[in-house]
Amino acid sequence: MNTPFINAHVRLDTHPTHPSAVTATVTGHHAHVAFVALEADGWEAVAADTLVLARIDREEPYWANQTAQQLEDVGITTEISSGLREAIDEEWTWANYPMPWCTRAEIRDVSNQAQKIYDDIRHGRLLIHAHAHDGHTTVAVGTHRDTGKSVYLHGENHLRQIADTFDSPAQALTAFERLHGDSMRPGPAPLTDTERQAAQARTSPGTPDTGPETPTPQPEPSPQREVVPAYAAGPGDHDAIFEEFLAAHDDWEKWRTWSDGTTHAIHKSQTLRIEHIHEADPQETSWTIAAYETPVSEHMWHLTATGATPATILKALLTVLASDDALEADGALIREKTVTEVTRPLADVGWQHTNQGSYLHWKPQEGDVRLTLDALAAQSPNDTSTTWRIWAGRDVDRPECTIHASNNTPATVLSHLTGELAHGFGMPHPRLQQKRATLGTPTPPPRSPHQPPAPRRR
């Protein structure tokens, strides 16, 4: 069988500011094909043409080499820099590894399982209820959202393992409290140094050494662009994002109304619906999501987003709508546990919490963005007005973008959005870029030259 030709080129290189991370620069007419393939393999976008692989097991060169082989197999041209090739070929061992009987392949398998646990926690698939220190290392208890199975975790970073499993969160928490009642704390443990370094590597593509290493001709690279936090990013093409969502999820059906200016999408259950107004004013409502207990009942909760909602946040919203989490509203009042779950991603990155009358606010130390909870509305079971509000921009009376959510909006939907606010990045809004150029914002100094990779003995 002939491999189809794909006009895409992927250049893999060591990350200039992280000792083991790897960057991928994608160019070519079919660059989007390679981009999607890399994202599916665990790489994360940090610029329009650049992705980063940053893991907590320090095995990025090995997995980058596996990625290169997979891309070549499907017809995508791949180039590996000499620095990365040296890291791939280098033999090393973890110093003082606690399982000395393991072979190198077995150590890599243990580390990869720890990486999967870390990714599940980071992406919200594994909800951590509590953590503690057992005198030697960190332990935690959590529940997988997709299966409902609870797990007892032991260890940190590349040594974290599932030590036990439980049929329910109640059973898991009871056992965990019995063992660690004196030291247990709610929620996940603070990030380790390794986790913080990996997170930092995923926020910037750095400046890979792009000097020629092989005579292989390369397509003209697209220009590097600034990357900004998700809440400051541009809206992108909402219509295209919606079409991609519908094409990827056949359990949603598109319905046209009498007006070509509006499109509806209805979930196969008939209890979750999306309305998108195509040419709404950037500050006016463009998206309305409504959930119903039955196809003919009053709505249980609703959420709206304005036309200037950043593309990365809109994609996060649509992603969680495609999961069962969007159907989990139980009609109960918002409790402290709900607030903690929704705001945990913000607390993890240092957002500040303040009270102003009946309103609770969360904001970063720097950045024009807020999350607000109306505490009075939260305690009114029949109140269908806004309970949660996310807004970004310098003018509170006319923000750049706004998301409103009512009572009963599932905490998992909201925590997915706050997770994107805390950790997401995107391309800046073109109008804000133009404003900066008009004001003569100085060009930032160039990054430091590429440094050789650090020694890799663990």
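Residues numbered from 1 in each chain as written. Predicted model: local features only at pLDDT ≥ 70, side-chain atom pairs only at ≥ 80, totals over all residues. Heavy atoms only, no water.

(A) Representation of the pattern of salt bridges in the model. Counted under the stated rule, the structure contains 16 salt bridges. Between E341 and R145 there is a salt bridge; the shortest N-O distance is 3.4 Å. Residue E341 is located in helix α9 (residues 336-348), and its partner R145 is located in the loop between β7 (138-144) and β8 (150-154); the two are separated by 196 residues in the primary sequence. Relative accessible area serves as the criterion here: at 14%, E341 is assigned to the buried category. Among the ionic pairs, K149 bridges to D167, the shortest N-O distance being 3.0 Å. With K149 in the loop between β7 and β8 and D167 in the loop between β9 (161-166) and α5 (169-180), this pair connects stretches of sequence that are 18 residues apart. For K149, a relative accessible area of 42% corresponds to the partly exposed category. Linked by salt bridges that have partners in common, E44, D119, R122 and R202 make up one network. (Salt bridge = Lys/Arg side-chain N within 4 Å of Asp/Glu carboxyl O. Helix = DSSP H or I, 4+ residues; strand = E, 2+ residues; numbered from the N terminus. Buried < 20%, exposed > 50% of the residue type's maximum accessible area, 1.4 Å probe, protein only.)

(B) A look at the nonpolar core. Within the largest apolar cluster, 48 residues are counted, with the highest numbers of intra-cluster contacts made by I274, I289, L303, L321 and W388. In terms of residue count, the dominant contributor to this core is helix α8 (residues 311-321) (seven residues). L321 has contacts with W252, L272, I274, I289, W301 and A326, leaving out every residue within four places of it along the chain. In terms of nonpolar packing, the next biggest core, distinct from the first, is built from 21 residues, A8, L38, L51 and L53 among them. (Core = buried A, V, L, I, M, F, W, Y, C linked by side-chain atoms within 4.5 Å. Contact = heavy atoms within 4.5 Å.)

(C) Focus on the packing of aromatic side chains. The tally for this structure, following the rule as stated, stands at four aromatic pairs. For the ring pair F242 and W287, a centre distance of 5.0 Å and an interplane angle of 80° mean the geometry is edge-to-face. One end of the pair, F242, is in helix α7 (residues 238-248); the other, W287, is in strand β15 (residues 285-292), and 45 residues separate them in sequence. The class for F242 is buried, based on a relative accessible area of 1%. Exposure remark for W287: the relative accessible area of 0% places this residue in the buried category. In this structure, R273 is placed above the aromatic ring of Y292, and the distance from its NZ or CZ to the ring centre is 4.6 Å. (Phe/Tyr/Trp six-rings, centres within 6.5 Å; stacked < 30°, edge-to-face > 60°. Lys NZ or Arg CZ within 6 Å of the ring centre and 35° of its normal.)

(D) Up close: the sheet that holds β9. Across the sheet, which stays open at both edges, the five strands sit in the order β9-β8-β7-β6-β10 with antiparallel pairing between neighbours. The two strands at the open ends of the sheet, each matched to only one other strand, are β9 and β10 (185-186). Sheet analysis places β7 next to β8, joined by five bridges and oriented antiparallel. Residue V141 lies in a different strand from β8, and its bridge partner there is Y152. (Pairing = 2+ DSSP bridges.)

(E) How the structure looks around the sheet that holds strand β4 (residues 50-53). Here five strands make up an open sheet; going across it, the order is β3-β4-β2-β1-β5 and the pairing mixed. For this open sheet the edge positions go to β3 (44-47) and β5 (77-80), each flanked by a neighbour on one side alone. Neighbour to neighbour, the strand axes of the sheet diverge by 30° on average, direction disregarded. In terms of strand pairing, β3 meets β4 through three bridges, oriented antiparallel. Note on β4: the bridge partner recorded for A47 is T50. (Axes fitted to C-alpha atoms, helices over the stretch in contact; angles between N-to-C directions.)

(F) Representation of α5. The end-to-end C-alpha separation of α5 is 16 Å, in line with the 16 Å expected for twelve residues at 1.5 Å each. Within the span of α5, buried status applies to A172, A175, F176 and H180. Summarising the axial view, the buried residues of α5 lie within an arc of 110°, below the 170-degree limit, and thus occupy one face. What points out from α5, more than 90 degrees from its buried face, is the exposed set A170 and R178. In this fold, the buried residues of α5 make contact with β6 (126-133), β7, β8 and β9. (Expected span 1.5 Å × (residues − 1). Arc of directions from axis to C-beta.)

Everything listed here is a matter of geometry and, on its own, says nothing about what the molecule does.
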